[in-house]
Amino acid sequence: MLRLAFRTLRLRKGGFIGTFIAVFFGALIVASCGGLMETGIRSNAEPQRLAAAPILVTGDQSFDMPNEDPASLDSDDKRKFETARLSERVRLDSGLVSRLRSVPGVSDVVSEVSFPLAAAGQPALGHAWDSAALTPYALVEGAAPAAGEVVVESTSGLKSGDRVEVASRGKTETFRVAGVAGAPRSITQSAVFFSGTDAARLSGYPGKADVIGVFTEPGADVEAVRASVVKAAGGATVLSGLDRGVAEFPEADSSGSNLIVIAAVSGGLSVMVAMFVVASTLSLSTQQRSRELALMRAIGTTPRQLRRMVLGEALAVGLLATALAAVLGPFLGEWLFDQLVENGVVPGVLRFYQGWLPAVVGAGAAMLAVFIAAFVAGRRAGKIRPTEALAEAAVTRRWLTPTRVVLAVLCFGGGTALAIVTVAVMSGPVAASTAGPAVILWALGVAMITPGVAKVMTAILQWPMRLLGGIDGRLAVLNTRAGIVRAAGAVTPIMLAVGIATANIYLQTTQQELADQAFTEDVRADAVIGSAAGGLSPDLVGRIQSVPGVAGASEYVTSNVFVEAPYDDSDEGRPAIGLTASGAGATTATKVTEGSLDALTGATIALPEVFAKDFSRGVGDTLSLRLGDGTPIDVRVVALTSQRPGFESLLLPAGLLAPHTTAGLAQQVLVRAAPDVDPAALTERLREATAGQPVSVGDRNALVAAHAKDQAVGAWVNYLLVGMIIAYTVISVANTLVMATMRRRREFGLQRLTGSTRAQVLRMAGFEGGLVALIGIVLGTVVSAGAIVPFCLVATDSLLPMGSPLIYLSIIGIAAALALTATLLPAWAATRGPAVDAATSGSD
């Protein structure tokens with residue numbers, strides 16, 4: 001049977017090519033997402049400044065937190081934990097250096113501190129000269145720095161004896177250049193080296209080390225020494241080999257985790273869409289061969305032989321497509337990774353890696369889709385009785401099966417359940433976590449009953465079509481109704497494209513708009529002072545408050561903290577903002593319902609009401625927190641606040657929160673103008689008051705724009721990956737419509753022989769394409785509404801999403817144009833030759 005099928009392949013090239021395209025692009029996208037996931041799992045970052053040390057010791061950026069309320073466990077229960085990740089760098093005690101020196105096989109141990117600065121107006125990182133051996137750097141002139149001296153890179157243009165101004169931690173000092181060191185080409189960040197005393201003072205963390213480098217004795221087994229270092233490190237993270245890059249670039253590890261989530265969500269969505277598109281395409285291809293299959297049944301072919309033939313053909317096409325996708329998948333994956341790097345989503349130090357496993361997963365997902373689709377199509381073809389075969393081949397009418405009914409009920413039930421959960425349980429922008437999957441369930445449910453829905457809509461739209469198109473419109477309606485199963489195969493991918501695009505884009509625009517609104521409503525600052533070199537001096541707020549026309553000034557620090565007691569089920573922590581008590585009321589619009597922000601000093605906290613209810617805490621009560629660098633601390637509640645749902649943040653004193661961030665200092669100071677002072681005039685006064693200091697002064701618009709830019713990065717990720725999936729569905733739309741239209745060459749020929757002109761045939765095809773597009777657009781809109789409306793009711797108290805109407809108009813315009821183009825161009829090609837040739841061909 002397979003030999004016969006392959007020998008007749010030249011007579012059905014359209015079905016072969018259509019199935020090949022659907023499988024190929026599905027496997028390609030899944031394989032590329034698999035490459036992103038593998039890159040995130042590995043989180044490989046080549047060490048640069050620490051490359052010379054074979055072993056690196058760094059702080060443990062994770063901790064174990066219970067995933068159940070300890071109070072609900074019996075004394076005999078075994079505590080269950082899950083790993084939570086700290087958002088700020090965890091530093092090491094420098095005393096660890098002496099312990100590591102005593103480890104057998106260790107020849108030297110060097111501690112490393114790194115802090116941002118500006119030297120001669122250029123950004124750089126500061127280090128102690130002792131840590132130059134970790135790269136290594138070598139002096140090309142001069143000597144090692146003493147107190148008040150620095151060593152600069154040869155690319156700086158400075159020479160020994162020069163004086164250079166160094167701005168760090170909000171202050172500017174002048175140092176003498178003691179020497180010049182040659183910088184290895186692998187280093188991407190300029191370095192300035194200080195004496196050990198100056199480096200400890202300027203870093204802000206005396207007695208602490210960011211990383212400790214361990215050198216081994218010649219001939220020593222690095223992994224054996226590493227095992228001994230692990231025992232002596234007391235819980236710190238010990239890295240060797242390629243993993244050492246995470247010690248130098250901790251953001252690579254967190255970005256790797258984000259990359260895993262991005263790839264998992266996008267890959268999962270791609271698998272679902274690919275399986276559905278492949279199934280739809282293969283089903284259409286099998287339907288178009290119904291005459292051939294019917295004749296085979298009539299001459300004695302058994303159902304088993306037909307099923308085996310359809311399955312074998314499909315698997316053969318699938319193998320060709322997936323083999324090609326496996327070869328090209330890494331190229332698409334690397335291109336996607338490069339786009340993420342260029343747009344600041346992942347750091348450039350992260351190395352893309354794609355082995356054989358993503359290719360196997362992509363091929364497996366595609367082949368599974370092919371197998372399921374071919375099994376269903378072959379089973380249906382084999383069930384036709386020989387006496388019904390030719391009649392069934394003429395016009396396919398039966399489509400509703402028990403399997404379709406069960407799947408439709410399950411999908412609609414799941415979509416309804418997610419809508420209820422979204423409205424009843426979720427709050428704020430987090431509701432998008434259930435709204436996103438809902439659109440897929442609604443789409444799958446509608447796809448199961450598309451022939452029936454399309455038939456009803458065709459009956460409704462027949463009068464407008466006849467009114468607008470006359471006899472051509474009437475023929476288009478009759479053809480669509482007669483071939484409703486064929487039409488449904490073209491409607492489905494249009495519905496998918498419109499539904500997925502509309503839902504995901506508007507969910508993103510709504511979340512972005514809500515975030516911008518929440519920020520602008522909460523921050524009342526008229527001006528912002530930003531750091532140009534490693535943070536702002538803690539005494540800057542006091543100086544700014546004394547500037548004429550200033551109503552209030554507050555440091556602004558952002559971080560992430562974990563609530564340990566009472567039990568908090570958030571494994572991602574809670575957003576925290578650090579403010580200065582004296583200026584918090586003037587610079588933030590946060591509504592205080594109990595207590596006062598003036599008391600936000602020392603170990604205190606202002607708690608959102610919704611958290612206070614969840615934690616059963618009020619003013620005067622105590623919470624146990626773990627700050628961003630892992631430091632545990634007990635804080636007393638001094639105020640309760642009312643904040644926009646979904647955007648609640650814990651408010652802490654800036655002096656408490658900032659030292660436990662990676663920077664160690666506030667990066668911004670918010671300033672509020674007095675009622676009778678023009679904000680523009682205040683901005684100029686602030687520039688005058690801070691002249692000569694390593695700061696930048698901007699107005700409120702600069703503050704809002706900076707926040708919007710940060711939001712745009714996350715939005716861009718969604719647009720890129722969702723756009724890739726939408727592009728696949730668009731390809732499937734064109735693919736399906738071209739397949740469906742080209743197969744009608746014989747039908748068009750017969751129509752022309754009965755008196756219709758070529759122009760009339762093309763107009764009829766155009767009306768059919770328009771009708772199919774309209775049905776697909778309406779169904780896609782309904783599908784997207786099933787996800788958007790519940791989300792918007794929760795997040796915005798409105799039925800409509802936030803975002804320009806032009807987005808929706810563009811989506812449906814592209815869908816309509818694509819449907820018409822993919823219908824008219826093949827129809828034009830199918831009607832080019834003599835009608836009599838077309839009428840007698842019957843092949844594609």
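Below you will find a few notes about this structure.

Calculation rules
Residues numbered from 1 in each chain as written. Predicted model: local features only at pLDDT ≥ 70, side-chain atom pairs only at ≥ 80, totals over all residues. Heavy atoms only, no water. Pairing = 2+ DSSP bridges. Helix = DSSP H or I, 4+ residues; strand = E, 2+ residues; numbered from the N terminus. Axes fitted to C-alpha atoms, helices over the stretch in contact; angles between N-to-C directions. Expected span 1.5 Å × (residues − 1). Bend = angle between axes of the 7 residues up to and from the residue. Parallel < 35°, antiparallel > 145°, perpendicular 65-115°, else oblique. Left-handed = near helix turned anticlockwise from the far one by under 90°. Contact = heavy atoms within 4.5 Å. Nonpolar A, V, L, I, M, F, W, Y, C, P; charged D, E, K, R; others polar. Buried < 20%, exposed > 50% of the residue type's maximum accessible area, 1.4 Å probe, protein only.

1. Notes on the sheet that holds strand β1 (residues 55-58)
- One open sheet accounts for four strands, arranged β5-β14-β1-β15; its pairing is antiparallel. With partners counted over all chains shown, the strands left at the sheet margins are β5 (106-112) and β15 (237-240), one partner each. Strand-to-strand twist across the sheet, computed as the mean angle between neighbouring axes with direction ignored, equals 20°.
- In terms of strand pairing, β1 meets strand β14 (residues 211-216) through four bridges, oriented antiparallel.

2. Topic: helix α14 (residues 450-482)
- Spanning 33 residues, α14 covers only 15 Å between terminal C-alpha atoms, well under the ideal 48 Å at 1.5 Å per step.
- By the largest-angle criterion, G469 marks the main kink of α14, which is about 140°.

3. Quick word on the packing of helix α12 (residues 402-424) against helix α13 (residues 432-448)
- At a closest axis distance of 8 Å, the pairing of α12 and α13 adopts a crossing angle of 155°. Taken together, the axes of α12 and α13 are roughly antiparallel relative to one another. As α12 runs across α13, the sense of the crossing is left-handed. Taking contact as the criterion, the partners of R404, L407, A408, C411, F412, G414, G415, T416, L418, V421 and T422 in α12 are, on α13, T434, A435, P437, A438, L441, W442, L444, G445, V446, A447 and M448.
- Broken down by class, the residue content of the contact of α12 with α13 amounts to 15 nonpolar, six polar and one charged.

4. With respect to unusual backbone geometry
- Each neighbour pair has its own omega, and for T135 with P136 the value is -5°, a cis peptide bond.
- Checked against the element boundaries, P136 lands in the loop between β7 (122-128) and β8 (138-142).
- In the segment running from A565 into P566, the intervening peptide bond is cis, with an omega of 5°.
- Among the secondary structure elements, P566 is positioned in the loop between β17 (550-565) and β18 (574-579).
- Phi angles above zero are rare outside glycine, and R169 is one such case at about 55°.
- Within the secondary structure layout, R169 lies in the loop between β10 (163-168) and β11 (171-182).
- For R169, a relative accessible area of 23% corresponds to the partly exposed category.

5. Regarding the environment of F337
- With respect to the helices, strands and loops of the structure, F337 is situated in helix α9 (residues 303-342).
- Distance in space between the C-alpha atoms of F337 and S32 is 9.4 Å, their sequence separation being 305 residues.
- In this view, F337 contacts L36, T39, L259, V346, L350, R351 and F352; residues no more than four positions away in its chain are not counted.

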